[in-house]
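# A closer look at the structure
Each chain, letter by letter, is given below.
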Amino acid sequence: MVYFAGLVGLLLILTAEARVGNSSESSFCTESRECLLYDLVCKNDDYEVRHYDSVKWVSTDEECYFMDKAMYTAFGRLFKYITGSNEAGVNIDMTTPVTVKIEEKKKMWQSSVFTLNFLLPSDYQMTPPQPTDDSVYFTETPDMKVYVRSYGGWMMSLASSVNSMLLKRQLDNVQATYNKDYHYAVGYDSPMKILNRHNEVWYMVEGEPVCPTSS
């Protein structure tokens with residue numbers, strides 16, 4: 001029984017590490033040691049469908065009118081956490097991507113809560129050190145399928161909004177069902193990187209995913 005329990009624990013650890021893996025396995029992750037990995041379900045030039053295993057993130061919320069300002073404040077908060085402002089006092093490697101959960105029903109004249117998320121490295125997926133800042137907490141994305149649209153440049157409010165609108169239009173055209181309460185803006189690059197930048201928009205699949213037809 002002890003052996004079986006130990007084996008189950010080892011399998012859980014290996015599963016976590018398998019989905020937060022070496023960045024060499026992804027063409028998007030060029031500046032971090034580890035990256036969020038996925039299984040490609042289907043794709044064409046319009047969008048793709050991916051499967052992600054459940055993983056843990058360190059997160060913080062910021063209420064603001066614009067994503068750009070919210071990200072600036074929230075990034076500093078999470079960066080302090082990974083550079084020692086945690087109960088263990090340890091430095092934690094930066095990973096990719098960084099995601100921002102965005103409320104879908106935001107009106108231009110109203111503020112919105114943006115949730116910034118740093119992916120926890122494989123070494124800390126099971127037992128991350130507790131934050132010392134009460135506004136920093138842990139979240140876990142479920143085993144999920146997502147619709148993804150990719151774009152280049154910088155992940156700014158306008159670019160993110162335009163690409164989320166385009167992805168929604170493409171999904172509605174094929175009568176795909178997806179979570180319309182929120183979406184994710186997803187960035188893979190530091191501000192210092194100038195060329196070959198990669199960003200994404202994610203919508204969570206509901207029901208069976210609709211694969212894009214060939215263009």
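Thresholds, definitions, all that
Positions within a chain are numbered from 1, following the residues in the order the chain's sequence is written. Restriction of local features to residues with pLDDT of at least 70 applies here, the model being predicted, together with a cutoff of 80 or more for giving and counting side-chain atom pairs; totals for whole chains, interfaces and linings are based on all residues. Derived side-chain values reflect all non-hydrogen atoms in the structure, with water molecules and hydrogen atoms excluded from consideration. UniProt positions are given in the numbering used here, feature names are shortened, and annotations may be inferred rather than shown by experiment. Pairing of aromatic rings covers Phe, Tyr and the six-membered ring of Trp, with a centre-to-centre limit of 6.5 Å; geometry is then stacked below 30 degrees between planes, edge-to-face above 60, and tilted otherwise. We count a stretch as a helix when DSSP gives it H or I for four or more residues in a row; a strand needs E for two or more, and each element gets its number in order from the N terminus. Think of it in three bands: residues with accessible area under 20% of the maximum for their type are buried, residues over 50% are exposed, and the middle band is partly exposed, with areas taken using a 1.4 Å probe on protein chains only. For our purposes a nonpolar core is just a set of buried Ala, Val, Leu, Ile, Met, Phe, Trp, Tyr and Cys residues, chained together by side-chain atoms within 4.5 Å. Under the rule applied, a polar contact is a pair of N or O atoms within 3.5 Å (in protein, one hydrogen donor and one hydrogen acceptor; residues adjacent in sequence only if both atoms are side-chain atoms). We call two residues in contact whenever any of their non-hydrogen atoms come within 4.5 Å of each other. Take a side-chain nitrogen of Lys or Arg and a carboxyl oxygen of Asp or Glu: if they are within 4 Å of each other, that pair is a salt bridge. In this analysis, strands are considered paired if DSSP registers two or more bridges between them. In this description, a line fitted to the C-alpha atoms serves as the axis of each element, helices being fitted only across the stretch in contact, and the angle between N-to-C directions of two axes falls anywhere from 0 to 180 degrees.

The name recorded for the chain in an unreviewed UniProt entry is Heme-binding protein 1, from Hucho hucho. Recorded in UniProt under Sequence similarities (unreviewed entry), the annotation for the chain is "Belongs to the HEBP family." What the UniProt record of the chain gives under Function (unreviewed entry) is the line "May bind free porphyrinogens that may be present in the cell and thus facilitate removal of these potentially toxic compound. Binds with a high affinity to one molecule of heme or porphyrins. It binds metalloporphyrins, free porphyrins and N-methylprotoporphyrin with similar affinities."

With that settled, the discussion passes to the packing of aromatic side chains. Under the counting rule described, the total for this entry stands at ten aromatic pairs. With centroids separated by 5.5 Å and ring planes inclined at 55°, the aromatic side chains of Tyr 38 and Tyr 52 adopt a geometry described as tilted. In this pair, Tyr 38 sits in the loop between β2 (34–36) and β3 (39–43) while Tyr 52 sits in strand β4 (residues 48–52), placing the two residues 14 residues apart along the sequence. The partly exposed category is assigned to Tyr 38, whose relative accessible area is 24%. Under the relative-accessibility criterion, Tyr 52 is labelled buried at 1%.

Met 67, Val 100, Tyr 147 and Leu 171 are the most contacted members of the largest nonpolar core, which totals 32 residues. Secondary-structure elements contributing two or more residues to this core are β5 (55–64), α2 (67–82), β6 (98–103), β7 (112–119), β9 (144–151), α3 (157–173) and β11 (199–204). It is α2 that provides the largest number of residues to this core, a total of seven residues. One finds Phe 28, Leu 119, Tyr 184 and Val 186 within the second-largest nonpolar core, a separate group that totals 18 residues.

The next point concerns the side chain of Asn 117. For Asn 117, the location among the structural elements is in strand β7. At a separation of 2.6 Å, a polar atom in the side chain of Asn 117 contacts the side chain of Ser 59. Other than its neighbours up to four places away in sequence, Asn 117 contacts Trp 57, Val 58, Ser 59, Leu 78, Pro 97, Val 98, Thr 99, Val 100, Lys 101, Thr 139 and Tyr 184.

Looking now at unusual backbone geometry. Cis geometry marks the peptide bond from Thr 96 to Pro 97, where omega comes out at 5°. Here Pro 97 shows up in the loop between α2 and β6. Non-glycine residue Asn 196 carries a positive phi angle of around 55°. With respect to the helices and strands, Asn 196 occurs in the loop between β10 (182–187) and β11. Since its relative accessible area comes to 70%, Asn 196 is described here as exposed.

Should the charged atoms of two oppositely charged side chains come close, the side chains can pair. Counting across every chain of the model gives eight salt bridges. Among the ionic pairs, Glu 48 bridges to Arg 50, the shortest N-O distance being 2.9 Å. Comparing Glu 48 with Arg 50, the two get one shared label, buried. Between Glu 200 and Arg 50 there is a salt bridge, and its shortest N-O distance comes to 2.7 Å. Of this pair, Glu 200 sits in strand β11 while Arg 50 sits in strand β4, placing them 150 residues apart in sequence. Per residue, the accessibility class of Glu 200 equals that of Arg 50, and both read buried. It is possible to trace a salt-bridge network through shared partners that takes in Arg 19, Asp 39 and Asp 53.

Here the focus is the sheet that holds β3. Picture the strands of a sheet paired through backbone hydrogen bonds; they go either parallel or antiparallel. Taken in spatial order, the nine strands line up as β3-β4-β9-β11-β10-β6-β7-β5-β8 in an open sheet, and their pairing is antiparallel. Across the chains shown, the open sheet's two edge strands, defined by having one partner strand only, are β3 and β8 (136–141). The sheet shows a mean angle of 30° between the axes of neighbouring strands, taken without regard to direction. As paired elements, β5 and β7 share eight bridges and run antiparallel to each other. Within β7, the position partnered with Glu 62 by the bridge is Phe 114. The strands that α2 touches are β5, β6, β7, β8 and β10; relative to β5, the one it contacts most, it runs at about 135°. The strands touched by α3 are β6, β9, β10 and β11; relative to β9, the strand with the most contacts, the crossing angle is about 125°.

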